[in-house]
Structures are given as structure tokens and as C-alpha cells.
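Topology and contacts: notes
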Amino acid sequence: MPVDSDDVPRGGAPVVTVSAAFGAGGAVVGPAVADRLGVPFLDRAIPAAVAAQIGCSLEEALRHDDRDPGRLEHLLAGVARLPLATLGGWDAPPSGTAGRDGRLLCDHEFVEETERVIGGFARTGGVVLGRAAAVVLADHPAALHVRLDGDRRDRLRHARLLWDSGFGEDGEGRRDEPPTPRALDDNDRARTAYVRRFYRADPASPSLYHMVLDGTVLSMFACVELVARAAGDRAAAAGRRHSRLEQA
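The following paragraphs examine the structure supplied in this document. (Residues numbered from 1 in each chain as written. Predicted model: local features only at pLDDT ≥ 70, side-chain atom pairs only at ≥ 80, totals over all residues. Heavy atoms only, no water.)

1. Overview of the overall build of the protein chain
The condition is simple: Put simply, DSSP marks the helices as runs of H or I at least four residues long and the strands as runs of E at least two long, and each gets a number from the N terminus on. For every residue, the accessible area (1.4 Å probe, protein chains only) is compared with the maximum for its type, and the residue is labelled buried under 20%, exposed over 50%, or partly exposed between those bounds. For this analysis, residues touch if any pair of their heavy atoms sits within 4.5 Å. Surface accessibility follows the Shrake-Rupley procedure with a 1.4 Å probe radius. Residue values consider only the protein chains on display as shielding.
Per the secondary structure count, the protein chain includes nine helices and seven strands. Residue burial in the protein chain is summarised as follows: out of 248 residues, 52% are buried. Long-range contacts, defined here as pairs at least 24 residues apart, represent 74% of the contacts in the protein chain between residues at least 6 apart. Element-wise, carbon and sulfur atoms account for 53% of the exposed surface of the protein chain, whose accessible area totals about 11,700 Å².

2. Comments concerning the sheet that holds strand β6 (residues 143–149)
Definition in use: Any two strands with at least two DSSP-identified bridges between them are counted as paired. Axis definition: a line fit to C-alpha positions, over the contact stretch in the case of helices; interaxial angles, taken between N-to-C directions, run 0 to 180 degrees.
One open sheet holds the five strands; their spatial order is β2-β5-β1-β6-β7, and the pairing between them is parallel. Both edges of this open sheet fall to β2 (41–42) and β7 (211–214), since each of them pairs with a single strand only. The sheet contact formed by β2 and strand β5 (residues 126–129) spans two bridges and is parallel. Bridged to Phe 41 within β5 is Val 127. Of the strands in this sheet, β1 (15–20), β2, β5 and β6 touch helix α1 (residues 26–37), which is tilted by about 170 degrees from β5.

3. Some words on the packing of helix α7 (residues 152–164) against helix α8 (residues 181–199)
Here is the rule we go by: Here roughly perpendicular refers to angles of 65 to 115 degrees, roughly parallel to angles under 35, roughly antiparallel to angles over 145, and oblique to all remaining angles. Here is the rule for handedness: rotate from the far helix to the near one, and if that takes an anticlockwise turn smaller than a right angle the crossing is left-handed, while a clockwise turn gives right-handed. Just so you know the grouping, Ala, Val, Leu, Ile, Met, Phe, Trp, Tyr, Cys and Pro go in nonpolar, Asp, Glu, Lys and Arg go in charged, and all remaining residues, Gly too, go in polar.
Taken N-terminus to C-terminus, the directions of α7 and α8 make an angle of 110 degrees; their axes are 10 Å apart at the nearest point. On the basis of the axis angle, α7 is roughly perpendicular to α8. Crossing geometry of α7 relative to α8 is assigned as right-handed. Along the contact surface, α7 presents Arg 152, Arg 155, Leu 156 and Arg 160, while α8 presents Pro 181, Leu 184, Asp 185 and Asp 188. Looking at the contact of α7 with α8 residue by residue, the classes come out as three nonpolar, no polar and five charged.

4. Description of the packing of aromatic side chains
What counts here: Two aromatic rings, drawn from Phe, Tyr or Trp (for Trp, its six-membered ring), form a pair once their centres lie within 6.5 Å of each other, and the interplanar angle then sorts them: stacked below 30 degrees, edge-to-face above 60, tilted otherwise.
The tally for this structure, following the rule as stated, stands at one aromatic pair. Pairing Tyr 194 with Phe 198 gives two aromatic rings, centres 5.4 Å apart and planes at 65 degrees, and the pair type is edge-to-face. Of this pair, Tyr 194 and Phe 198 are both found in helix α8, four residues apart, which corresponds to roughly one turn of the helix. For Phe 198, a relative accessible area of 6% translates into the label buried.

5. A short note on helix α2 (residues 45–54)
To be explicit about the condition: As used here, the arc is the angular range of directions from the helix axis to the C-beta atoms.
If you check which residues of α2 are buried, you get Ile 46, Pro 47, Val 50, Ala 51 and Ile 54. The arc enclosing the buried residues of α2, seen along the axis, measures out at 135 degrees, which places them on a common side. Of the residues trailing α2, Gly 55 is marked for its positive phi of about 90 degrees.

And the structure:
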């Protein structure tokens, strides 16, 4: 989604996208960064806005959302239906979900609406978790793109520590069972499949981000401090460039 200089948030509000591997702490770091910067944290609000625009239930929107734990079976089944050569295209079959007009919706329609929601929030500032936001806002002049990752074994250990502390990977509270190696692998596969299918990109590629942090080695406080400082600097620089363009 191209974003031009007119979309620099008013007042220099920072825009941050956070891509996080399972267990790297995205659901904890993301909200803390937003709180530190004084901007909204955009996670559950995104599928809610998509549902309202498309005219489907929130549950249906969540089934197409890359952050929802229940999306794995649906997403991987959708990928399996398509030839390898079309994974980055828009020729997916109907999803089985009907909109307000009764028409069956295709998976890509949920993705396109998600892009519009993210683009709208990016005009006022916010922290977006997941949903390939670094790709969607790649041309945004003020956005800071961050990746949280780490060694697989360290991420599983970190996810279990978060679970013991009462945090769930989705930010909605922990589940009945602690994270398992299978849960980690399944979530990694699903998040990678979402980005590869719709954007032909690898979410783990450092080329998509301004910062790549090991969320299993650095403390949450260190990650928040680094991201908040960099986001403020980038937003201020974008604001200065925008002012010069307006005066030219």
C-alpha cells in the first residue's frame, strides 16, 4: 500500500510495525511501546474494524486474521488449495464467509480491508502488531519497522515464562496448557504462510525491518526503550521533511 508524504501523522505521532515470531514477546512489547509513545496499540481493533467494513461477524474476521490462534487450520487449508505459483496472487477461491450482501467473500478481500484499516491508523499514529504491516507500510515515510525473533529453543522457553506470568501469546491471557514445541512450530508456519501467500515475502527477512531484536535475550524493558527511542527519532525526522516540502 503506497503511502505518500501527506500521510505523515499529524503532530509527529510515531508509527511502529512489530513482526514477532512466536515466543519473542510481541504481545507484551507491542502494547508497552504504544503506552510509552502515547499512541494506540492496534491488535484486536483491526479484525473488529474489518468485520464492520465487510459486514461479517468478528469471529469470521478473526478466522482470516494472522494474529488469531484459531486461524492456523483455515490458513494452511487455503494455501493447500492453491498451486505454488499462485501463492502471492489474488486468485484464491471463496472463503465460505458471506458479506452483508450475501456474496461469498474471498480471502484476499479480508487482506485488502486489513490493509485499508492499517493505512487509516497510520495517518494518526499507532503500533501495529503482525498482519504483514511492515510490507503494507513499507513506503510510509515515518513508520519504524521492527522484528522480534530469537533461537527456537529460547523462544519456547520465553513463551513458557510468559505463560507462567499469566500472559498469552495473543495478548488475551494465557491458555489452559503451556506452550509446546508443536504450538511454536504451528504458529511460525501460519505466520510465515500468511505473509508469503499474500505478499510473496519472508516475514523473517531482515530486509523488511529497520530493527531486528532478539526478544529472548534482551529484556522487555530494553526492547521497549530501543524501539520507542528509534520510533520517536524517525517520526521527528519525517515531520521535518514534511515541513520542508510544504514550505518549498
